[in-house]
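Observations on the three-dimensional arrangement
Okay, here's what each chain looks like letter by letter:
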Amino acid sequence: MIFKNTTISRRTTIIAGLAGLFSLGSSGVNAQGQTALTFWTVRLNTPELAEALRGILAEFQKAYPSIKITHEPVSGGLVYPKFLAAVRGQTMPDVAEAYSYHPLQFAAMDQMEPMDDIIAHWKSNGTLDNIFNEYAYKKFFWKGRYWGVPYNLDIRPIYYRKDLLDAKGIKPPKNWAEFQSAAIATHNPSAGNFGAVFPAGDFHISQHFFMSFMLQAGGGILDKDGNLIFGTKAKEANIRALTFLTDLATKHKVTPPGIAAYNTDDAHTIFVQGRATFGFGTGGVISRIMKENPSLFDKVGILDVLEGPGGPTSRLSAGFYNPMFIWKHSPAKEAAKTFIKWFIQSGRLEPLYRTTPGQHWPIFKADVASPRVKGNRLLEEALTKVVPFTTDFAYPGFGRPEMGIIDGEKLFAAPVNEVVVGTKTPEKAVMDAHAKMARLFTT
Amino acid sequence: MLLKRRTRIAYFMILPSVAMITLLTLVPLLEGLIVSVQSQDMGRPNPTRFVGWEHYIRALFEDDDFWSSLRRTIIWTIGSVAGAYCLALSLALLVNIDIQGRKFFRALFLLPWVVPEVSTALLWKWLYGDEFGILNFILKSLGIVSSPVLWLADPNLAMPSVIAVQIWKLYPVMFIVLLAALQNVPKELHEAAIIDGANSRQRFWYITLPFIRGTSVITTLLASIWSFQNFDIIYLLTGGGPAGVTKVLATLMYQKAFWGSEMGYAAAIGVLMLVVLLLLSIAYLFAYKVQKD
């Protein structure tokens, strides 16, 4: 009755309508009253993974009809420009999954929502105890806050040929010395078999194997306080690791001669074709063996993480716990947290892991018992022998934004490559890499 | 009044082109210049912070990688363009004479042009492979080598090997342009020269070459610009290795921008590349003009 004599002009109606739409948009609520969440993925965009992800997101929609997820894949090569443009335009996704150190880099730009409450929630419900390694989440701890949470893992195991070792009466090596002897003993180029194959090209993933040996030698990049020690306190251990790895190619000559131009796939190919006793690879080798050379499957095993000069406590393998994170200015932060808590649960991502066995790895111990793992010996071996020892390459330090650039700029690929082609000694290569890293830490 | 109206219509007609050129060329160029004086670093707060000449000073006076990459870029460009020009001219001269299957050869020589750069890189990676490469297989089968040639893994061979790929990719466009130029050389001049007793080398040097010089200058200049900026082939074949011997400015810029997250510094490298290209182009055209005069 009050409005009976009120005149509403056309202009007022339009303004009111636009204001309503704007308020819906700015609060993250769509026209159906659902909270709208934008979810960017970087690592789940192959057709198989994207299909599996669609199924998982549909399940989430069923469980939470009040939240509407819009999934947007981001090409791996465009991660930086896409996110940088989003930061500049303040159009970041509400929630995203991306490469290892992205949340810390975005946190350094003051764009990340702290995830301390999720970590606290996980602590209270026992989720943290179910995660393989505490560095899975501690790597996202910087300046007193957690800026991301891990949801899956990339590993860097060493595969071996059981039949070739058996033929020589050699047991699977447990330490550096045994590994080296076995590679030399089984190297037989005239029969088309190399002792070992690893990528030593100037490519991104090539560098990750040096990181494992560095940790096993007792070396590293950072100390526990996050200070750079690569070419100082850890210098000798790191040189020893680089020497051990590159000696396989330069001194013992048990690798294919052209590894200085190899990317990861090249090394995988040699191993999958059955032409090397030991193959350094990603988890994706398992998929490739199953698809391309299934007869090799029963002849292949995964080595225990080797013990190096650093002793039993340094039996570690470099790996990459991949994060999910939330934009600080998202209008739907709570919905994003609800999504993350739902998404990161033991068993939830099984459809992803089933599509390409070995490409991505769960972070939860309980997943070892899944039928998928129980039915695939190599998955089980990796999950029991490698994953529990997989740590971040910032170990024993927690994360730092600079680590993303160190990994991104391939500062570890160059030393391996340079020593293998003989342009630098291990010491010179380590010290040059240290100088480049030091610049990142001081600017 | 009519003229004014016609002028207005003319401006209106070219407006879409001007708008497109502005949007696609000038705006990105301007954006690149702006980014080059900002921090734009994903590891630092305030990514749009103005840093002035900082990135340029770093590239020119502090970063050894810039100068070594520039040197390698010049080697790569000269090697690629010179090689592609010689090959294209040889093939164009060959196809310009009346031989059987001329049309087939013309089409055949153009094939590399239509192969995408990524496919080109992968194709050549397989050709060059140490274990499975066709080149090494042939060389071994013929008994020319006993162990595989490390085309991409040997620091002494890597740059010539990637240059060979760029020559393969670059020559078709030069070939087609040079062939068109050759077909415009008046036959009467050659006939007169033959009557005067000129041999084929003299006819090429004093008749053909002066006629195609202008076309040659333009094609080599364009090819130089394309090669100078080329990224895909080197990045996919060697990643800049081994030991950095194939790291050129384009791969350095990519590494800084997309992996090192230093957009500002990468943009500064891009601007410096533009300046170097401009200087080279001016010098080149000036030299051509002097010679022509």
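Counting restarts for each chain: residues are numbered from 1 in the order of the written sequence. Note on labels: chains are lettered from A, ligands numbered from 1, in written order. It should be noted that, the model being predicted, local features are given only for residues of pLDDT at least 70 and side-chain atom pairs only at 80 or more, the latter also being counted only at that level, while totals for whole chains, interfaces and linings use all residues.

To qualify as a helix, a DSSP run of H or I must reach at least 4 residues; to qualify as a strand, a run of E must reach at least 2; elements of each kind are numbered from the N terminus. A count of helical and extended segments in chain A gives 20 helices and 13 strands. Radius of gyration (C-alpha) of chain A: 24 Å, near the 22 Å computed for a compact globule of 443 residues. Overall, the C-alpha framework of chain A stretches about 100 × 50 × 40 Å when taken along its three principal axes. The exposure scheme places C-beta atoms from the backbone and then counts, for each residue, the other C-beta atoms within 10 Å of its own, assigning buried at 20 or more, exposed at 12 or fewer, and partly exposed in between. For chain A, buried positions account for 53% of its 443 residues. Here the contacts in chain A between residues at least 6 apart in sequence split such that 76% fall between residues at least 24 apart. Note that the radius of gyration is over C-alpha atoms, with the globule rule given as 2.2 Å times the number of residues to the power 0.38. Whether two residues are in contact depends on their C-beta atoms, placed from the backbone: they are in contact if these lie within 7 Å.

Turning to the overall build of chain B, a few remarks are in order. Counting its secondary structure elements, chain B contains 12 helices and zero strands. Helices and strands in chain B line up, N terminus first, as α-α-α-α-α-α-α-α-α-α-α-α. Its C-alpha atoms give chain B principal-axis dimensions of roughly 80 × 75 × 35 Å. Within chain B, buried positions represent 35% of all 293 residues. In chain B, 68% of the contacts between residues at least 6 apart in sequence involve partners at least 24 apart.

The next point concerns the domain arrangement of chain A. Its domain assignment divides chain A into domain 1 (10-151 + 323-348) and domain 2 (158-318 + 411-442). Here domain 1 of chain A and domain 2 of chain A have C-alpha centroids that lie 35 Å from each other. Each domain's extent was defined by an automatic or database domain assignment.

This brings us to helix H20 (residues 426-442) of chain A. All names here are of chain A. Any helix carries an expected span of 1.5 Å times its number of residues minus one. Spanning 17 residues, H20 covers 24 Å between terminal C-alpha atoms, matching the ideal 24 Å at 1.5 Å per step. When we look at burial in H20, the residues that qualify are Pro426, Ala429, Val430, Ala433, His434, Met437 and Leu440. The arc that holds the buried residues of H20, viewed along the axis, is 130°, so those residues lie on one side. Turned more than 90 degrees away from the buried face of H20, the exposed residues are Ala435 and Thr442. At its buried positions, H20 is contacted by helix H11 (235-250), helix H18 (401-408) and helix H19 (413-421). The directions from the helix axis to the C-beta atoms are what the arc is built from.

Okay, the nonpolar core next. Among the nonpolar cores identified, the biggest contains 196 residues, and Leu37, Val149 and Phe210 of chain A together with Ala88 and Ile269 of chain B are the most heavily contacted of them. Discounting chain neighbours no more than four positions away, the residues touching Phe210 of chain A are Ala241, Leu242, Leu245, Phe412, Pro415 and Val416 of chain A. For our purposes the nonpolar core covers buried Ala, Val, Leu, Ile, Met, Phe, Trp, Tyr and Cys residues that link as a set through C-beta atoms within 7 Å. In terms of nonpolar packing, the next biggest core, distinct from the first, is built from seven residues, Ala52, Leu349, Leu352 and Tyr353 of chain A among them.

All right, on to the interface of chain B and chain A then. The accessible area lost on association of the parts is a frequent measure of interface size. Contact residues are listed per partner, giving 29 residues for chain B and 30 residues for chain A. Gly falls in the polar group here, along with every residue not listed as nonpolar (Ala, Val, Leu, Ile, Met, Phe, Trp, Tyr, Cys, Pro) or charged (Asp, Glu, Lys, Arg). Its residues placed into classes, the side of chain B that touches chain A shows 14 nonpolar, 12 polar and three charged.

The next point concerns unusual backbone geometry. It is generally the case that most residues other than glycine have a negative phi and that most peptide bonds are trans. The omega torsion across Tyr395 of chain A and Pro396 of chain A is 0°, close enough to zero to call that bond cis. Cis peptide bonds are those with omega within 30 degrees of zero, and the linkage from Gly241 of chain B to Pro242 of chain B qualifies with -5°. If you trace the backbone, Pro242 of chain B turns up in the loop between helix H10 (232-237) and helix H11 (249-259). Of note in this structure, Asp110 of chain A is not a glycine but carries a positive phi near 60°. Judged by the 12 C-beta atoms lying within 10 Å of it, Asp110 of chain A falls in the exposed class.

All names here are of chain A. Looking at where Trp342 falls in the secondary structure, it is placed in helix H14 (residues 333-343). Of the residues examined, Trp342 has 15 C-beta atoms within 10 Å and is grouped as partly exposed. Along the chain, Trp342 and Ile286 lie 56 residues apart, while their C-alpha atoms are 28 Å from each other. If near-sequence neighbours (up to four positions away) are discounted, Trp342 is found in contact with Phe60 and Ala63.

Another aspect to go through is the sheet that holds strand E10 (residues 300-302) of chain A. All names here are of chain A. On the basis of which strands lie adjacent, the open sheet formed by four strands has the order E8-E9-E7-E10 and mixed pairing. The outermost strands of the open sheet, each flanked by one partner alone, are strand E8 (194-197) and E10. Neighbour-to-neighbour, the strand axes of this sheet turn through a mean angle of 20°, independent of strand direction. Strand direction decides the pairing type here: strand E7 (residues 158-161) and strand E9 (residues 276-280), joined by three bridges, are antiparallel. Residue pairing for E9: Tyr160 is matched across the bridge by Phe278. Any two strands are treated as partners once DSSP identifies two or more bridges connecting them. The angle between two axes is taken between their N-to-C directions and runs from 0 to 180 degrees, where each axis is a line fitted to C-alpha atoms and a helix contributes only its stretch in contact.

Right, let's talk about the environment of Gly422 of chain A for a bit. Structurally, the position occupied by Gly422 of chain A is in the loop between H19 and H20. For the pair formed by Gly422 of chain A and Val42 of chain A, sequence separation is 380 residues and the distance between their alpha carbons is 36 Å.

Moving on to the packing of H18 of chain A against H20 of chain A. Residues and elements named next belong to chain A. Closest axis-to-axis distance for the H18/H20 pair is 10 Å, and the angle between their directions is 150°. For the element pair H18 and H20, the recorded crossing hand is right-handed. The residues of H20 that touch H18, namely those facing Glu402, Ile405 and Ile406, are Met437, Leu440 and Phe441. Broken down by class, the residue content of the contact of H18 with H20 amounts to five nonpolar, no polar and one charged. By definition, turning the near helix anticlockwise from the far helix through less than a right angle yields a left-handed crossing, and turning it clockwise yields a right-handed one.

With that settled, the discussion passes to the sheet that holds strand E2 (residues 67-73) of chain A. Where strands meet in a sheet, backbone hydrogen bonds hold them as pairs that are either parallel or antiparallel. All names here are of chain A. Reading across the sheet, the five strands line up as E2-E1-E3-E12-E6 and stay open at both edges, with mixed pairing between neighbours. Each of the sheet's edge strands pairs with one partner strand only, and the pair in question is E2 and strand E6 (149-154). Looking at each pair of strands side by side, their axes are set apart by 20° on average, direction ignored. When strand E3 (residues 95-97) meets strand E12 (residues 320-326), the two strands line up antiparallel, connected through three bridges. Bridge pairing in E12 places Glu97 opposite Met324. Taken strand by strand, helix H2 (residues 47-63) contacts strand E1 (35-41) and E2, and its axis lies near 165° from that of E2.

A few words on the pairing of E9 of chain A. On a regular strand, each side chain points to the face opposite its neighbour's, so the side chains alternate between the two faces of the sheet. All names here are of chain A. Taking burial as the measure, the five residues of E9 include five buried ones, the bulk of the element. The pairing of E8 with E9 spans three bridges and is parallel. Looking at E9, one finds that Phe194 is bridged to Ala276.

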